[in-house]
Amino acid sequence: MTVTPLGLTRPASVTGEFLRQLVARVPGSAGTTWPLTEVYTGETLVELPQSTPSDIEEAFATARAAQRKWAATPLKRRLAVFKRAHALFVDRARTTADLIQVESGKNRRMAIEETCDPAMVMSHYLKRAAKLLAPVRRGGPVPLLTTSTEIRQPKGVVGIIAPWNFPFATGISDAVPALMAGNAVVLKPDNKTALSPLHGIRMLEEAGLPDGLFQVVCGEGPDVGPTLIDHADYVMFTGSTATGKVIGERAGRNLIGCCLELGGKNPMIVLPDANLGEAVQGAVFGAFGNTGQICMHVERIYLPESRYDEFKAAFVAKAAALDVRAAYDFGPDMGSLVSVDHMRRVKEHVDDAVAKGATVLCGGKPRPDLGPAFFEPTILEGVTKDMLCGVTETFGPVVALHRYGTVDEAVALANDTDYGLNASVWGGDVGAACAVAARLESGNVNVNDILATAFAAKGTPSGGVKNSGVGARHGDQGLLKYTDVQNLAVLKKQVMGPRPGQSYEKYVDGMLSGLKLMRKLRVR
Ligand code: NAD
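- Per an unreviewed UniProt entry, the chain goes by Succinic semialdehyde dehydrogenase and derives from Amycolatopsis nalaikhensis.
- In UniProt, the chain has this text filed under Sequence similarities (unreviewed entry): "Belongs to the aldehyde dehydrogenase family."

Written out as structure tokens, the structure is:
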């Protein structure tokens, strides 16, 4: 147990020795390091090696060699690794949460929830992978004489670039289906949050994942990104829309596929018949859960005139009463932002809104007394599109309330954004709420929930539309995207072309009649 200068008791698992062991696998041949800090105190926890382009090339070479053997390993044996890993991930959830908390500053309730995500993804694909990866025999062009079989081949080495807000979930969960499908992975986590994914990889290896198959390289994005993308066979990226465009361009130039899971400016529509108590509780989680740093969280709330004042009073009272502080126990409702830089960005959004006429109903200020990157849960009114937080993602505990007159108006306001990641609709008549949901330009829509119902439904693809992304995680495509299709076609006997002595005219007559017959018989 370590007691920090602020009097915080740091989790017993977070020892210098443990952290040094975790980062030891990150290549850094130039000897440069990055001070990875505890968010609550700003204290350096460990020096994280920074990978050079040649370190990254070597990581890919090692991964590629391991991948060939892994792809040749029977699927059943590959999947057995994840059965064992599932148990380890659940048994060690508390240690994982310790690491997530020290490196991200989020509260413990969110950290422990995050630990569950890779286990849920493993559980889903353990049920589904064998079916998805099995060869599918399709008919060939000529019945009986030909066959065509759809075979799923692994892409090779998948590059994963992950953000800091859910470092364990995005670093490990997106790797799981790639590995199950027979790929190797080279992961680049954010420098700030490399510890929890490194811990996840150790657990996977303890469960039997072969050495070398899962590589980690670290560094600032623009330094590491180009070499990583240039050596990858596919890129899985989670992060901001601005970076997503850079990644997508480079992947396009290299003619490799990519999945881009990007930002949002997510709306919540409360319909007149909504259960207000539940909607307010939902809004508290949607706006302030993970300190507002969830890609699917809520930044805009649309309320009917008739219920605006009632909602506002209850929401402001709940937000003002939240327990915000640094602690490694389950007490606080909200923790810190991830860094001082990010806190300044959030503050800039609020200050800009206030300068342009918005009203602060609650919060609005940094809280250096709680820790270097704390910011109050903040509710604004009067936010317009000429304000930073009126159009771009704030990604902090800041939310704006808006009134609407008609449901058509609410839908138009919700859709008036370049983003399309997540939305939520609250209403007593679920059918009517679903009809509103269908009109929203959003990859995910939750009815009477903020985000968890959609995100935890691992069988359904989840991704963004518009500027919120390309492709999806989860669902069948969440695994199949890491494969190439091989069309294995077999001709049992050569039958194409005229028979000996047959004129080409006769052959063509026969072929065209055959086409008609096959259509009639619905053979082809
Ligand atoms: P970011 O785009 O700044 O960074 C994400 C990752 O990309 C980091 O590892 C970073 O080092 C790396 N990176 C940065 N520039 C790069 C470059 N030029 N080449 C290669 N890699 C580069 O995003 P962030 O601030 O770390 O994360 C927050 C953003 O992520 C928010 O916009 C949030 O909405 C989004 N996000 C989206 C999802 C989703 O599923 N849609 C999930 C989590 C977070």
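**Thoughts on the sheet that holds strand S8 (residues 184-188)**
Either a parallel or an antiparallel arrangement is found when strands of a sheet pair, and the pairing is made through backbone hydrogen bonds.
Argument step 1. Across the sheet, six strands lie side by side as S9-S8-S7-S10-S11-S19; this open sheet has mixed pairing. Lying at the two open borders of the sheet, with one neighbouring strand each, are strand S9 (214-216) and strand S19 (469-470).
Argument step 2. Taken together, the five bridges between strand S10 (residues 234-238) and strand S11 (residues 257-261) define a ladder with parallel strand orientation. In the strand pairing of S11, Thr238 is matched with Glu261.
Argument step 3. Across the sheet, helix H9 (residues 221-231) is in contact with strand S7 (157-161), S8 and S10; its angle to S8 comes to roughly 165°.

**Regarding the site of the ligand**
Argument step 1. In the vicinity of the ligand, 25 residues are found, and the nearest of them are Ala162, Ser240, Thr243, Leu262 and Glu393.
Argument step 2. Note that an oxygen atom of the ligand is positioned 2.6 Å from one of the backbone N or O atoms of Ala162.
Argument step 3. One nitrogen or oxygen atom from the side chain of Ser240 is found 2.7 Å from an oxygen atom belonging to the ligand.
Argument step 4. Ranked by residues supplied to the shell around the ligand, first place goes to H9 with three residues.
Argument step 5. Among the residues forming the shell around the ligand, the class breakdown is twelve nonpolar, eight polar and five charged.

**Remarks on the UniProt feature "domain: Aldehyde dehydrogenase" (unreviewed entry) in the chain**
Argument step 1. Sites flagged by UniProt as "domain: Aldehyde dehydrogenase" (unreviewed entry) map to residues 33-487.
Argument step 2. Here residues 33-487 is 43% helix and 20% strand, with 47 Å between the C-alpha atoms at its ends.

**A few points about the nonpolar core**
Argument step 1. If you look at the biggest cluster of nonpolar residues, it comprises 123 residues, and the most contacted ones within it are Ile301, Phe311 and Phe315.
Argument step 2. Sorting elements by how many residues they give to this core places helix H5 (residues 108-133) first, with eight residues.
Argument step 3. Residue contributions to this core reach at least three from each of two domains, namely domain 1 (52-135 + 149-262 + 476-483) and domain 2 (266-461).
Argument step 4. When residues no more than four places from it in sequence are discounted, the contact partners of Phe311 are Val270, Leu276, Ala279, Val280, Ala283, Ile301, Leu303 and Leu401.
Argument step 5. With 14 residues, the next largest nonpolar core counts Phe375, Val383, Val398 and Ala400 among its residues.

**Remarks on the UniProt feature "active site" (unreviewed entry) in the chain**
Argument step 1. Under the UniProt annotation, "active site" (unreviewed entry) lies at Glu261.
Argument step 2. Checked against the element boundaries, Glu261 lands in strand S11.
Argument step 3. With residues near it in sequence (within four places) discarded, Glu261 still touches Met236, Phe237, Thr238, Gly239, Ser462, Gly463, Gly464, Ser468, Gly471, Ala472 and Arg473.

**Things to note about a nonpolar patch on the surface**
Argument step 1. Residues Leu491, Val495 and Met496 make up a contiguous nonpolar surface patch of about 260 Å² in total accessible area.
Argument step 2. As for its position among the elements, Val495 is in the loop between strand S20 (483-491) and helix H19 (504-520).

**Observations concerning the pattern of salt bridges**
Argument step 1. Here the structure, examined in full by the defined rule, presents 31 salt bridges.
Argument step 2. For Arg64, the salt bridge goes to Asp233, with nearest N and O atoms at 2.9 Å. With Arg64 in helix H2 (residues 53-72) and Asp233 in the loop between H9 and S10, this pair connects stretches of sequence that are 169 residues apart.
Argument step 3. Using a relative accessible area of 25% as the deciding quantity, one classes Arg64 as partly exposed.
Argument step 4. Across the pair Arg473 and Asp174 runs a salt bridge whose closest N-O atoms are separated by 2.8 Å. One end of the pair, Arg473, is in the loop between S19 and helix H18 (477-480); the other, Asp174, is in the loop between helix H6 (167-173) and helix H7 (175-180), and 299 residues separate them in sequence.
Argument step 5. Using a relative accessible area of 4% as the deciding quantity, one classes Asp174 as buried.
Argument step 6. Through salt bridges with shared partners, a single network forms among Lys365, Arg367, Asp369 and Glu376.

What counts and what doesn't
- Residues numbered from 1 in each chain as written.
- Predicted model: local features only at pLDDT ≥ 70, side-chain atom pairs only at ≥ 80, totals over all residues.
- Heavy atoms only, no water.
- UniProt positions renumbered as here; feature names shortened; annotations may be inferred.
- Pairing = 2+ DSSP bridges.
- Helix = DSSP H or I, 4+ residues; strand = E, 2+ residues; numbered from the N terminus.
- Contact = heavy atoms within 4.5 Å.
- Axes fitted to C-alpha atoms, helices over the stretch in contact; angles between N-to-C directions.
- Near = heavy atom within 4 Å.
- Polar contact = N/O pair within 3.5 Å; in protein donor to acceptor, adjacent residues only side chain to side chain.
- Nonpolar A, V, L, I, M, F, W, Y, C, P; charged D, E, K, R; others polar.
- Core = buried A, V, L, I, M, F, W, Y, C linked by side-chain atoms within 4.5 Å.
- Buried < 20%, exposed > 50% of the residue type's maximum accessible area, 1.4 Å probe, protein only.
- Domains from an automatic or database assignment.
- Patch = residues over 30% accessible without salt bridge, like charges linked within 9 Å, V, L, I, M, F, W, Y side chains within 5 Å.
- Areas by Shrake-Rupley, 256 points an atom, 1.4 Å probe, with all protein chains shown as cover.
- Salt bridge = Lys/Arg side-chain N within 4 Å of Asp/Glu carboxyl O.

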